[in-house]
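Survey of secondary and tertiary structure
Letter by letter, the chains look like this.
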Amino acid sequence: MHCADASSWKTLPVECTDYYDYTMVPWNWLSNITTLAADQPLIQRWNMSDAWLCEILGITANETFLVKDNSPYQFRFVDADPLDMPGSRFEDTVSMSLLSQLPHRLIQVGSLFGSSRLRLRRHRNMDIRKEVRQSMVFTNEILLDLAQTIKTKMGGEYVAAHIRLGDGHFERNAERNVRLIWWKLVRELLGIHEDVALDLELKLTNSSTLSPPTLPVNLASLRTPHPPLPALPSVILPELTCHRPWYQNPRLAVLNTPLFISTDVADPASHALLRRFFETFPCTFVLADFADETAALARLKSGYDGLMLKDFLVPFLDAIVAGNAHQLAATEGSTFSQFVQDVLWRQYHGWEIVQRG
């Protein structure tokens, strides 16, 4: 715990090198896992060492079968014949039936992160996955209350964009993804006529050669339809000041709807690719616009290691605000974006979640 008091050190001790990179909280502090725990005994692990497995659970190295990832998309796990499940970005396919025949007490996998890492066909397995994913909805009352306050300050209704740009694949494809999200918001979600949207984009980009993009079809969402959304109010008045004048043209008036941008970019308002959103939507807001709400997170401290939780919780609050939007446009191919869209947005509206894989 001495590492938590950084003010007492002129130079960070060696044992504290990665101390501030992570912390741990109980699952039931962040999400409601009551139903899941009733069906499946859970062990909350507070020590990630191999020694803990032996000392606390009595599981030795010889009793552990390790499925070790060497790349982010190495293993996919399937419950049917792997030859009947082609078409995947994963390098290797692992049969769950073969894993079940192993004599080991523990099967340790590197990660189950990834919307399609579990490729399931058996209804019982799909039901279990659905129950687990529903149990991952953020239900922490502090975060929910702050998100509700933010929603009220934006006028009670808004649309949201969950935009992943910060690293790797998403950084390389940032321009394409931003354009697709913009078109999904303007054309698909808010119903601006295609010719009007294209004219608006041409003016924003000072281009004369663009044509409307082909928007990806969300087949997984179509397989799990939800009731029709109520119409947005014709006028939404945020408590915060909008940064541009409202549109007076009736064909563009729907763009006066407040927009919330949830993103991994440090300063969204100054990011060149995000400029099109701020110039399109007069009332564009990001989490940094709600200083009082984010400041409230500064009082939360981890009981595990004494670290302040604010920096860890900001992305969760950002996602919850996006998930409470009237409609949401997410980044194609981002597992976290799809979680916000498929799980948070659906559950916060009282609807069945979308399953992928």
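Up top you'll find the structure we're talking about.
Residues numbered from 1 in each chain as written. Predicted model: local features only at pLDDT ≥ 70, side-chain atom pairs only at ≥ 80, totals over all residues. Heavy atoms only, no water.

An ideal rise of 1.5 Å per residue puts 18 Å on 13 residues; helix α6 (residues 141-153) measures up with 18 Å between its terminal C-alpha atoms. Buried within α6 are the following residues: Leu-143, Leu-146, Ala-147, Ile-150, Lys-151 and Lys-153. Buried residues in α6, looked at end-on, bunch into an arc of 160 degrees, giving them a common side. Residues of α6 that are buried in the fold lie against α1 (27-30), α12 (291-296) and α13 (310-323). Looking at where α6 begins, the residue whose side-chain oxygen comes 2.9 Å from the main-chain nitrogen of Ile-142 is Asn-140. Positive backbone phi, at 105 degrees, marks Gly-155, one or two positions downstream of α6. (Helix = DSSP H or I, 4+ residues; strand = E, 2+ residues; numbered from the N terminus. Expected span 1.5 Å × (residues − 1). Buried < 20%, exposed > 50% of the residue type's maximum accessible area, 1.4 Å probe, protein only. Arc of directions from axis to C-beta. Contact = heavy atoms within 4.5 Å. Polar contact = N/O pair within 3.5 Å; in protein donor to acceptor, adjacent residues only side chain to side chain.)

Looking now at the pattern of salt bridges. Going through the model one piece at a time under the given rule, you end up with 11 salt bridges. Note that Glu-63 is salt-bridged to Arg-105, the shortest N-O span being 3.5 Å. Residue Glu-63 is located in the loop between α3 (50-57) and β1 (64-67), and its partner Arg-105 is located in the loop between α4 (96-100) and β4 (106-109); the two are separated by 42 residues in the primary sequence. The salt bridge involving Asp-342 is made with Arg-356; its shortest N-O contact spans 2.5 Å. Of this pair, Asp-342 sits in helix α14 (residues 335-348) while Arg-356 is found in the segment after α14, placing the two residues 14 residues apart along the sequence. Accessibility expressed as a relative area gives 16% for Arg-356, which makes it buried. Members of the salt-bridge network, linked through shared partners, are Arg-179, Glu-201 and Arg-276. (Salt bridge = Lys/Arg side-chain N within 4 Å of Asp/Glu carboxyl O.)

Once that is clear, we can look at the packing of α6 against α13. Each packed pair of helices is defined by two parameters, the angle between the axes and the distance between the axes. It is at 9 Å that the axes of α6 and α13 come closest, and there the two elements cross at 50 degrees. The angle between α6 and α13 falls in the class oblique. Considering how the two elements wind past one another, α6 and α13 form a crossing that is right-handed. Facing α6, whose interface residues are Leu-143, Leu-144, Leu-146, Ala-147 and Ile-150, α13 presents Leu-313, Phe-316, Leu-317, Ile-320 and Val-321. Residues belonging to the contact of α6 with α13 are distributed by class as follows: 10 nonpolar, no polar and no charged. (Axes fitted to C-alpha atoms, helices over the stretch in contact; angles between N-to-C directions. Parallel < 35°, antiparallel > 145°, perpendicular 65-115°, else oblique. Left-handed = near helix turned anticlockwise from the far one by under 90°. Nonpolar A, V, L, I, M, F, W, Y, C, P; charged D, E, K, R; others polar.)

The next point concerns the sheet that holds strand β2 (residues 75-78). Taken in spatial order, the three strands of this open sheet run β3-β2-β5, and their pairing is parallel. Two strands close off the open sheet at either side, each with one partner strand: β3 (92-95) and β5 (118-119). Both β2 and β3 contribute to a ladder of four bridges, which runs parallel. Paired with Phe-75 across the bridge in β3 is Asp-92. (Pairing = 2+ DSSP bridges.)

Attention now goes to the state of the cysteines. Counted by the stated rule, this structure contains one disulfide. What pairs with Cys-242 in a disulfide is Cys-283, and their sulfur atoms sit 1.9 Å apart. The sign of the 95 degrees torsion about the S-S bond sets the Cys-242-Cys-283 disulfide as right-handed. Taken together, the residues span a long stretch of sequence, with Cys-242 in the loop between α10 (219-222) and β7 (259-263) and Cys-283 in the loop between α11 (275-280) and β8 (284-286) at a distance of 41 residues. Residue classification places Cys-283 among the buried residues on the basis of a relative accessible area of 0%. (Disulfide = S-S within 2.5 Å.)

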